[in-house]
Amino acid sequence: MEAWLAANLAPAMFSVLVLFLLTGYPVAFALAAVGILFGWIGIELGLLTPALLQALPDRVFGIMRNEILLAVPFFTFMGLILERRGMAEELLDTVGQIFGGVRGGLAYAVVFVGALLAATTGVVAASVIAMGLISLPIMLRYGYDKALAAGVIAASGTLAQIIPPSLVLIVMADVLGRSVGDMYKGALLPGLLLTGFYALYIFANTLVRPQALPSLPSAARTLRGRALALRALIALIPPLALIFLVLGTIFIGWATPTEGGAMGAVGALLLALAKGRLSRDVLVQAMETTAKITSFVIFILIGSSVFSLVFRGVNGDLWVEHLLTGLPGGAMGFLIFVNLMVFVLAFFLDFFEIAFIILPLLAPVADKLGID
């Protein structure tokens, strides 16, 4: 038994982690617990030395000193302040008036506003909650298909995962050892393409199932002509200015992502103040939620550091590499397998867990296969 376990410690470690996660045990503690348990087993079997675990304090301090991760609380705080400012309500109402006369106009408005919110907030929950509360009742009131309405809102809300400034991209940059600015530049075109595909899907549905996406009746479109143009200008200038303040300065090279996040947070506070929605309660709620989300990310990162240290110590990275490079189809086979695997994992795990557990295992294999 000992000989078998020594030969298969890496797959056993990964299997135990999966079982832990399926029980619903908190991910950060599951990662750390499995790492420490198998570190002890590896030491007992003579595969690891106790000195390996002495690297853990350095890793934890390295996480706390990581300036890239400072962008996480800045962008989270910015998104929460903008959510409470009522930007989503303004944009949905205005864009809904613009597209209202078109069949499926409200769905187009949700996609467009989802992309704009993604480029200003970077927080998925803020986008989905805001659009769900505002647009879903209106879409159902005017006869939209329930499944289609819910799907459009959920999909458009998750554009915040790929369109910069995204918390997901910041975490990915840290895990993969890449520049956040490069990740932003790399994700911009795919994010816009995805937005276009959503709009194309809505258009296809208007042709196949026109009754599922009706246009707004003329009575519901209260703004026209100059009044509508003025309203659109007032509603769109603040988010566009904020997008330039954050993304423009990062892409031009005037600011680092952390500095861009700080400017975005200040910009969001100023916009909320100008709107008269910056109160002590709003600030306290935003800061509390920011602290929770940031702590959540940091604790998972600490847990994944414990797990990855031991996993690499027992040659788990080589086991995964051998497993994935042996797939049929070369690079294309690898990409298809990874997409399917992450699709299935996403039923059970949040992105942060996938980023910290799976991405470090996939990145070296992708590099060896020549995938950019």
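One can find the structure itself at the top, above this paragraph.
Quick summary incoming for the structure in this document.

1. Remarks on the pattern of salt bridges
Close approach of charged atoms allows side chains of opposite charge to pair.
In step 1: Scanning all chains against the criterion turns up 1 salt bridge.
In step 2: For Arg178, the salt bridge is made with Asp367, and the minimal N-O distance between the two is 3.5 Å. On the criterion of sequence distance, the pair formed by Arg178 in the loop between α10 (167-176) and α11 (180-208) and Asp367 in helix α18 (residues 359-368) is long-range, its members being 189 residues apart.

2. Some words on the packing of aromatic side chains
In step 1: A full pass over the atoms with the stated rule returns 5 aromatic pairs.
In step 2: Ring centres of Phe14 and Phe311 lie 6.5 Å apart, and the angle between their planes is 45°; on these two criteria the pair is classed as tilted. Taken together, the positions of Phe14 in helix α2 (residues 9-22) and Phe311 in helix α14 (residues 280-313) put the pair 297 residues apart, joining distant regions of the chain.
In step 3: Where Phe311 meets Trp319, the ring centres are 6.5 Å apart and the plane angle is 80°; that geometry is what we call edge-to-face.
In step 4: A relative accessible area of 1% means that Phe311 is categorised as buried.
In step 5: With relative accessibility at 27%, the residue Trp319 sits in the partly exposed group.
In step 6: Members of the aromatic cluster, joined through ring pairs, are Phe14, Phe307, Phe311 and Trp319.

3. Topic: the environment of Lys185
In step 1: Looking at where Lys185 falls in the secondary structure, it is placed in helix α11.
In step 2: Judged by relative accessible area, Lys185 falls into the partly exposed class, the value being 48%.
In step 3: A C-alpha to C-alpha distance of 8.3 Å links Lys185 and Pro164, two positions 21 residues apart in sequence.

4. Quick word on the side chain of Ser156
In step 1: Looking at where Ser156 falls in the secondary structure, it is placed in helix α9 (residues 146-157).
In step 2: Discounting residues that sit within four places of it in the chain, Ser156 has contacts with Val110, Val111, Gly114, Met131 and Tyr198.

5. Quick word on the nonpolar core
In step 1: Counting residues in hydrophobic clusters, the biggest one holds 102 residues, and the most contacted among them are Met13, Phe38, Phe75, Met139, Ile170, Tyr184 and Phe352.
In step 2: Looking at this core element by element, the count peaks at 12 residues for helix α7 (residues 105-121).
In step 3: For Met139, the residues in contact, after removing those within four places along its chain, are Leu106, Ala107, Val110, Tyr144, Ala149 and Ile153.

6. Things to note about the side chain of Asn205
In step 1: Among the secondary structure elements, Asn205 is positioned in helix α11.
In step 2: Note on Asn205: relative accessible area 8%, which makes it buried.
In step 3: When sequence neighbours within four positions are dropped, the list of residues in contact with Asn205 reads Leu148, Pro210 and Leu213.

Reading the values: rules and limits
Residues numbered from 1 in each chain as written. Predicted model: local features only at pLDDT ≥ 70, side-chain atom pairs only at ≥ 80, totals over all residues. Heavy atoms only, no water. Salt bridge = Lys/Arg side-chain N within 4 Å of Asp/Glu carboxyl O. Helix = DSSP H or I, 4+ residues; strand = E, 2+ residues; numbered from the N terminus. Phe/Tyr/Trp six-rings, centres within 6.5 Å; stacked < 30°, edge-to-face > 60°. Buried < 20%, exposed > 50% of the residue type's maximum accessible area, 1.4 Å probe, protein only. Contact = heavy atoms within 4.5 Å. Core = buried A, V, L, I, M, F, W, Y, C linked by side-chain atoms within 4.5 Å.

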